[in-house]
Amino acid sequence: MKPVIAVSALRKTYGAGDTAVHALRGVELTVLPGEYVAIMGASGSGKSTLLNMLGCLDVPTSGEYLLDGFSVADLNERQLSLLRNRKIGFIFQSFNLVPRTSALSNVELPLVYSGLRRGPRRARALAALEMVGLTDRAKHLPNELSGGQQQRVAVARALVTGPAMLLADEPTGNLDRASTAEVLGVFDRLNALGRTVVVITHEDEVAAHAHRVIRVDDGVIVADDRRRHVGVA
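Residue positions within a chain follow its written sequence, with the count starting from 1. Predicted model: local features are reported for residues with pLDDT of at least 70 only, side-chain atom pairs are reported and counted for 80 or more only, and whole-chain, interface and lining totals are derived from all residues. With hydrogens and water excluded, all non-hydrogen atoms of the structure serve as input to the side-chain values.

Visitor: Which residues make up the overall build of the chain, and what values go with them?
Guide: Each helix is a run of DSSP H or I of at least 4 residues and each strand a run of E of at least 2, with the numbering of both proceeding from the N terminus. Broken down by element type, the chain carries seven helices and 10 strands. Expected size for 233 residues packed as a compact globule is a radius of gyration near 17 Å; at 18 Å, the chain falls within 12% of this value. For the C-alpha atoms alone, the extent of the chain along its principal axes is close to 55 × 40 × 35 Å. Of all 233 residues assigned to the chain, the portion counted as buried reaches 47%. It is over C-alpha atoms that the radius of gyration is taken, and the globule rule equals 2.2 Å times the number of residues to the power 0.38. For every residue, the accessible area obtained with a 1.4 Å probe (protein chains only) is divided by the maximum for its type, and the residue is called buried under 20%, exposed over 50%, and partly exposed between those limits.

Here it is, written out as C-alpha cells:
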C-alpha cells in the first residue's frame, strides 16, 4: 500500500548561524490511506511548521517528503500549487467561505479553478454537500448558516476534488460544543468511508476521535499512539 504521507529526515531551519531556529529536527512520519491522524503539540513545538510542510505551503531545508508518491522537495511554487490543489483538501479554523456566495457555489470553487464544465461541476458539488449532510442548505449564504454548518460546507469544498487526504488545521477552534460535535461526526463518517484525515489540533476532545495521535515537541515526534489500525486496501 502506497503511503499518502512519507516523510524522512525532514528538517526546517529558519535563519542561519547563532540566530538559526531549528523548527523541525529530522522528522520521520508515514501515514497510510484510510488513517485518521491527530497531530498535537504546544506553541513553538514545530506543529505548525510540520503542517506547512505536509500541506506543501513551505518546503523543507533538507530531508524527503513524498505526498501520495510525489516528491515535494524540489518543486517550484507553481508545481507546489498544482500538487496542493490535486492532492490536499484543506480545512481551516476560519472556514474561508466567500461571504455573498451560496454554499453550493463555495463548494464548486476548486472545480471552477480547474476548468471543469458547469454541469459536472455542479453535480460533484452537490454530491460533496450530500456527504456532509447539507444538500438542503445548498442555496444558503454563509451568514445564513451556523458555525458548524459553515465548517461542513468547508469540508465539502475540501472533498470535491477527490484529494488524497483531508488536512484540517484546528477545524473546531471557532465552534461551540454542539457544532464541534457536528464537524467531528462528519470526519468520523468520512474516515469510515476510507478517507484519509489528518487533523492539527491542541484539543484532546478532537484528538480523541482519531485512531492515531502524534505528539510533536522541540521539532521532533516524541509520541505516536496507534489506537487501532484503519488502513484501507
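Visitor: Kindly report on the sheet that holds strand β4 (residues 62-67), identifying the contributing residues and their values.
Guide: Two strands form a pair only when DSSP identifies at least two bridges running between them. An order of β2-β1-β4-β5 is seen for the four strands of this open sheet, with the pairing classed as antiparallel. Strands with a single pairing partner mark the edges of an open sheet, and in this sheet they are β2 (21-31) and β5 (70-71). The pairing of strand β1 (residues 5-14) with β2 spans eight bridges and is classified as antiparallel. Along β2, the bridge assignment pairs Arg11 with Arg25. Contacts are residue-level and defined by heavy atoms, with any inter-residue pair within 4.5 Å sufficient. Where helices are involved, their axes are fitted lines through C-alpha atoms of the stretch in contact, as for all axes, and angles between N-to-C directions lie from 0 to 180°. Contacting β1, β2 and β4, helix α1 (residues 47-54) runs over the sheet at an angle of about 125° to β1.

Visitor: Report on the sheet that holds strand β7 (residues 165-169), specifying residues and quantitative values.
Guide: Working definition: the strands of a sheet are paired by backbone hydrogen bonds and lie parallel or antiparallel to each other. Spatially, six strands are ordered β6-β7-β8-β3-β9-β10 in an open sheet, and the strand pairing comes out mixed. Each end of this open sheet is capped by a strand with a single partner; those strands are β6 (88-92) and β10 (220-226). This sheet shows a mean twist of 20° between the axes of neighbouring strands, independent of strand direction. Examined bridge by bridge, β6 and β7 share five bridges and lie parallel to one another. The residue bridging Ile88 from the neighbouring strand is Met165, located in β7.

Visitor: Explain the packing of helix α5 (residues 147-159) against helix α6 (residues 177-192) residue by residue, including any values.
Guide: At a closest axis distance of 8 Å, the pairing of α5 and α6 adopts a crossing angle of 25°. By the angle between their directions, the pair α5 and α6 is classed as roughly parallel. Judged by the sense of rotation from one axis to the other, the crossing of α5 with α6 is right-handed. On the side of α5, the interface is formed by Gly147, Gly148, Gln149, Gln151, Arg152, Val155 and Leu159, while α6 contributes Ser179, Glu182, Val183, Val186, Phe187 and Leu190. Split by residue class, the contact of α5 with α6 holds six nonpolar, five polar and two charged. Reported orientations rely on four angle classes, namely roughly parallel under 35 degrees, roughly antiparallel over 145, roughly perpendicular from 65 to 115, and oblique for the rest. Crossings are assigned a handedness: left-handed for a near helix turned anticlockwise from the far helix by less than a right angle, right-handed for a clockwise turn. Classification used: nonpolar for Ala, Val, Leu, Ile, Met, Phe, Trp, Tyr, Cys and Pro, charged for Asp, Glu, Lys and Arg, polar for all others including Gly.

Visitor: Explain the side chain of Asn106 to me, using residue names and the numbers behind them.
Guide: By secondary structure assignment, the location of Asn106 is in helix α3 (residues 103-114). By relative accessible area, Asn106 is classed as buried at 0%. Each residue touching Asn106, except ones within four places of it in the same chain, is listed here: Leu97, Val98, Thr101, Pro142, Val153 and Arg157.

Visitor: Run through the pattern of salt bridges, naming residues and quoting values.
Guide: A pairing counts as a salt bridge when a side-chain nitrogen of Lys or Arg comes within 4 Å of a carboxyl oxygen of Asp or Glu. Tallied over the entire structure, the rule returns 14 salt bridges. When the shortest N-O distance is used, the salt bridge between Glu108 and Arg121 registers 3.2 Å. Separated by 13 residues along the polypeptide, Glu108 in helix α3 and Arg121 in helix α4 (residues 118-131) bring together distant segments of the chain. On the basis of relative accessibility, which here comes to 16%, the residue Arg121 falls in the buried class. Connected via shared salt-bridge partners are Glu35, Arg212, Asp224 and Arg226.

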